[in-house]
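Structure at a glance
Now for the letters of each chain:
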Amino acid sequence: MFSGDKGHPMGHGEYVMATTGDFSVHACHEALPPPKSALAKNIAFAIKSPYGIIKILPKGRTDLPPGVSLNAVGDILFPHGEIVRGAHRHLNVIIPNATGRVKGLCGAYNPHRQLRDAFTNASGHVVVAPHYSAGWSDDYKQHFTESFKVKAADALFTSDECPPTPPYAPAIPSAHCD
């Protein structure tokens, strides 16, 4: 996260990692094989900018649109200073002059608030930061992670590149534990 806090959304499907509105980075999260199918890994990223869409897929990267370049170490450079570096499993995003305008699973970026609002969901509400030692809470998954799940109409990936999955369903408490 931009704040340095730890978070692992564990949702399956396409999610907004970071957006300022005109610049967005989406990730495709895929479930791990059983018995760890409640966990997820990044398998692809898509970047949408005023210059076009770039996809970083397991089979490689799509062509760069005009105005976007690649430096010697493989960073993708955008004309307004944004930089995206990494591969299909791990990505770093740098968005200059975005204080107070960034939202997504990478967290809100508001240093003037001491980054206390890092876990602000898509509706603008701050969700209690998770503590991994206790496991990721349903509140974190349902109210933070799922708020950034991408609707089909806003998807940057095709369904073949990032298969859609049903929305997160919180665990239902049971009176019996077998």
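Bear in mind the structure is a predicted one, so any value in this text is a computation, not a measurement.

What counts as what
As a convention, each chain's residues are numbered from 1 in the sequence order in which they are written. Residue-level local features of this predicted model are given only where pLDDT is at least 70; pairs of side-chain atoms are given and counted only at 80 or more, and the full residue set underlies all totals for whole chains, interfaces and linings. Side-chain metrics rest on all non-hydrogen atoms present in the structure, leaving aside hydrogens and water. In what follows, a disulfide is any cysteine sulfur pair within 2.5 Å. Runs of E in the DSSP output that reach at least two residues are strands. Runs of H or I that reach at least four are helices, and both are numbered from the N terminus. Type-normalised accessible area, obtained with a 1.4 Å probe on protein chains alone, sets the label of each residue: buried when under 20%, exposed when over 50%, and partly exposed for intermediate values. Any two strands with at least two DSSP-identified bridges between them are counted as paired.

Looking at the state of the cysteines
In total, this model carries one disulfide according to the counting rule given. Here Cys28 pairs with Cys162 through a disulfide, and the sulfurs are 2.2 Å apart. As the torsion about the S-S bond is roughly 90°, the Cys28-Cys162 disulfide counts as right-handed. Taken as a pair, Cys28 in strand β2 (residues 24-31) and Cys162 in the segment after α1 (138-144) lie far apart in primary sequence, 134 residues in all. In this structure, Cys28 and Cys162 share a single accessibility class: buried.

Let's talk about the pairing of β2
With respect to burial, β2 is a largely interior element, six of its eight residues being buried. As defined by bridge partners, strand β1 (residues 13-19) adjoins β2 across six bridges and the pair is classed as antiparallel. Among the inter-strand pairings, Gly13 is bridged to a residue of β2, identified as His29. Linking β1 back to β2 in an antiparallel pair, the connection comprises four residues, with Gly21 at a positive phi of about 105°.

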